[in-house]
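Notes for the structure review
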Amino acid sequence: MSSKNKSLKYFLQKARKEKRAIGQFNFSTITQFNGIFGAIREHKVPVIFGTSESEAAFLGIEGIADFMKNFKKSYPHIFLHLDHGKNINVIKKAIQSGYDSIHFDGSGLKFEENIKQARKIVESAHKKGILVEGEIKSIKGGSEVHNKNFKIDESFYEDIEKAKEFVKTTGIDSLAINIGNVHGTYRNKIRLNIDLLKKINKELNVFLVLHGGSGTDDSDIKKAVKNGIVKVNINTELREVWKKSMLRHLKKSTFKPYEILPFVIKDIQDKVEEKIKLFNNQ
Ligand code: 13P
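Thresholds, definitions, all that
Along every chain, residues carry numbers that run from 1 in the direction the sequence is written. The predicted origin of the model limits local features to residues at a pLDDT of at least 70 and limits the giving and counting of side-chain atom pairs to 80 or more, whereas totals for whole chains, interfaces and linings rest on all residues. Only heavy atoms go into the side-chain values, all of them from the structure, while hydrogens and water stay out. Going along the chain from the N terminus, every DSSP run of H or I of four or more residues is numbered as a helix, and every run of E of two or more is numbered as a strand. Multiply 1.5 Å by the residue count of a helix minus one, and that product is the helix's expected span. The rule is simple: take the accessible area with a 1.4 Å probe, protein chains only, and divide by the maximum for that residue type; under 20% is buried, over 50% is exposed, in between is partly exposed. The directions considered for the arc run from the helix axis to the C-beta atoms. One bridge is not enough; two strands pair if DSSP finds at least two bridges between them. Axis lines are fitted through C-alpha atoms, for helices just across the contact stretch, and the angle between N-to-C directions can take any value from 0 to 180 degrees. Contact between two residues is taken to exist if any of their heavy atoms lie within 4.5 Å; hydrogens are not considered. The pairing test for Phe, Tyr and Trp rings, Trp by its six-membered ring, is centres within 6.5 Å, and the orientation test on the planes gives stacked under 30 degrees, edge-to-face over 60, and tilted for anything in between. Residues are labelled near a given molecule or strand when at least one of their non-hydrogen atoms is within 4 Å of it. By the criterion applied in these results, polar contacts are pairs of N or O atoms within 3.5 Å in which, for protein atoms, one can donate a hydrogen and the other can accept it, and in which residues neighboring in sequence qualify only through two side-chain atoms. Note on areas: Shrake-Rupley, 1.4 Å probe, and residue coverage restricted to the protein chains presented here. Using only the protein atoms, space was sampled on a 1 Å grid; points where a 1.4 Å probe fits but cannot get out form cavities, open sets with protein on both sides within 12 Å along at least five of seven lines form pockets, and lining residues are those with an atom within 4 Å of a point. Put plainly, a molecule is in a cavity or pocket when over half of its atoms are within 2 Å of the grid points there. Think of it as three bins: nonpolar holds Ala, Val, Leu, Ile, Met, Phe, Trp, Tyr, Cys and Pro, charged holds Asp, Glu, Lys and Arg, and polar takes everything else, Gly as well. Each salt bridge in this description consists of a side-chain nitrogen of Lys or Arg and a carboxyl oxygen of Asp or Glu lying within 4 Å of one another.

What follows covers helix 4 (residues 61–74). With 14 residues, helix 4 should reach 20 Å at 1.5 Å per residue; the first-to-last C-alpha distance of 21 Å fits that figure. Turning to helix 4, its buried residues number three or more, namely Ile 61, Ile 64, Ala 65 and Met 68. For helix 4, the angular spread of the buried residues around the axis is 100°, confining them to a single face. Across from the buried face of helix 4, at angles greater than 90 degrees, the exposed residues are Lys 73 and Ser 74.

Dropping the structure here:
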């Protein structure tokens, strides 16, 4: 693939032009990494590896950034992203360690404070060519299996005027938006407000990101990608596959991890491939 030295920004612009989305797949174990990586080898598409603050702490920020840098020598179209960074020290460390992009989640702050902090982070990240994603209204839920229904409340939806001001004054590269999406899976399929997305896409000149990709109606994801979403985040569905597959294959009589884990890696890879096809209109 002739993607040597091409930046994440290049691939996001390309995705926007081609009406595709790049998958952000979160991980916290090397087994998950291998599953995601297997899918990239098959599909040769750019992919973002996401780590939340907890996932990054478990992996070790510097260690995982070095590990990824090594892989990037042979696979330059893979990127490392800090997901929902709230702690300034963690964000600084990710910037110093060589993450490719940072999600500054200031959604818990007052709007003005969110702008102020986002602007500072953009300034230091951009000096190193690192992209910054912002968030205004907190995206609901958590990346787990919720054994209940989710009901969207219109007050969760993005406020377009505020979003315009936020994008203009902070200089962020991408925005995590609220169009009915929620983190985690629920008993009901999550439906997206595509009309709202169309309006947001018309008004904002910023990469639009869909969080809470797990458990969302597939046809809504396809429509969202056609209407401006250029990155979709997936975590819960991969965690679910990992856990179910581990439990199933640990029942084998062998004690050798390298005889058990390839099955788990394959199951994760299959799920990632399914998502890559969805995000690329296949
Ligand atoms: P899911 O857990 O719903 O896939 O969402 C992941 C996410 O948005 C990470 O920020």
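In a beta sheet, neighbouring strands are held together by backbone hydrogen bonds and run either parallel or antiparallel to one another. Read around the barrel, 8 strands follow the order 1-2-3-4-5-7-9-10 and close on themselves; strand pairing throughout is parallel. Between one strand axis and the next, the sheet turns by 25° as a mean value, whatever way the strands run.

Right, let's get into helix 11 (residues 257–279). For helix 11, spanning 23 residues, the distance from its first C-alpha to its last is 32 Å, which sits close to the expected 33 Å at 1.5 Å a residue. Taken as a whole, helix 11 has its buried residues at Ile 260, Val 264, Ile 265, Ile 268, Gln 269, Lys 271, Val 272, Glu 273, Lys 275, Ile 276, Leu 278 and Phe 279. Lining the buried residues of helix 11 we find strand 1 (22–26), helix 2 (30–43), strand 2 (47–52), helix 9 (218–226), strand 10 (229–234) and helix 10 (236–249). One or two steps after helix 11, the chain reaches Asn 281, where phi turns positive at roughly 55°.

Taken as a whole and judged by the stated rule, the model has 15 aromatic pairs. Each ring, one from Phe 27 and one from Phe 49, has its centre 5.5 Å from the other, and the planes form 80°; the classification is edge-to-face. Taken as a pair, Phe 27 in the loop between strand 1 and helix 2 and Phe 49 in strand 2 lie far apart in primary sequence, 22 residues in all. One exposure class covers both Phe 27 and Phe 49, and it is buried. The structure contains a cluster of three or more aromatic residues connected by ring pairs, namely Phe 27, Phe 33, Phe 37, Phe 49, Phe 67, Phe 71 and Tyr 75.

Once that is clear, we can look at the site of the ligand. Surveying the vicinity of the ligand reveals 14 residues, the closest of which are Asp 83, Ser 143, Gly 212, Ser 214 and Thr 236. A distance of 2.6 Å separates an oxygen atom of the ligand from a polar side-chain atom of Ser 143. Between the ligand and Asn 233 there is a distance of 3.4 Å, counted from an oxygen atom to a side-chain nitrogen or oxygen. Contact with the protein chains removes 99% of the 300 Å² of surface that the ligand exposes when unbound. The cavity where the ligand resides is the largest pocket. Only strand 3 (78–85), strand 8 (183–185) and strand 10 provide two or more residues apiece to the shell around the ligand. Within the shell around the ligand, the residues separate by chemical class into 2 nonpolar, 11 polar and 1 charged.

Moving on to the pattern of salt bridges. Counted under the stated rule, the structure contains 20 salt bridges. Between Glu 203 and Lys 164 there is a salt bridge; the shortest N-O distance is 2.8 Å. Taken together, the residues Glu 203 in helix 8 (residues 194–203) and Lys 164 in helix 7 (residues 160–170) connect sequence positions 39 residues apart. One salt bridge connects Glu 237 with Lys 275, and the closest N-O pair in it is separated by 3.1 Å.

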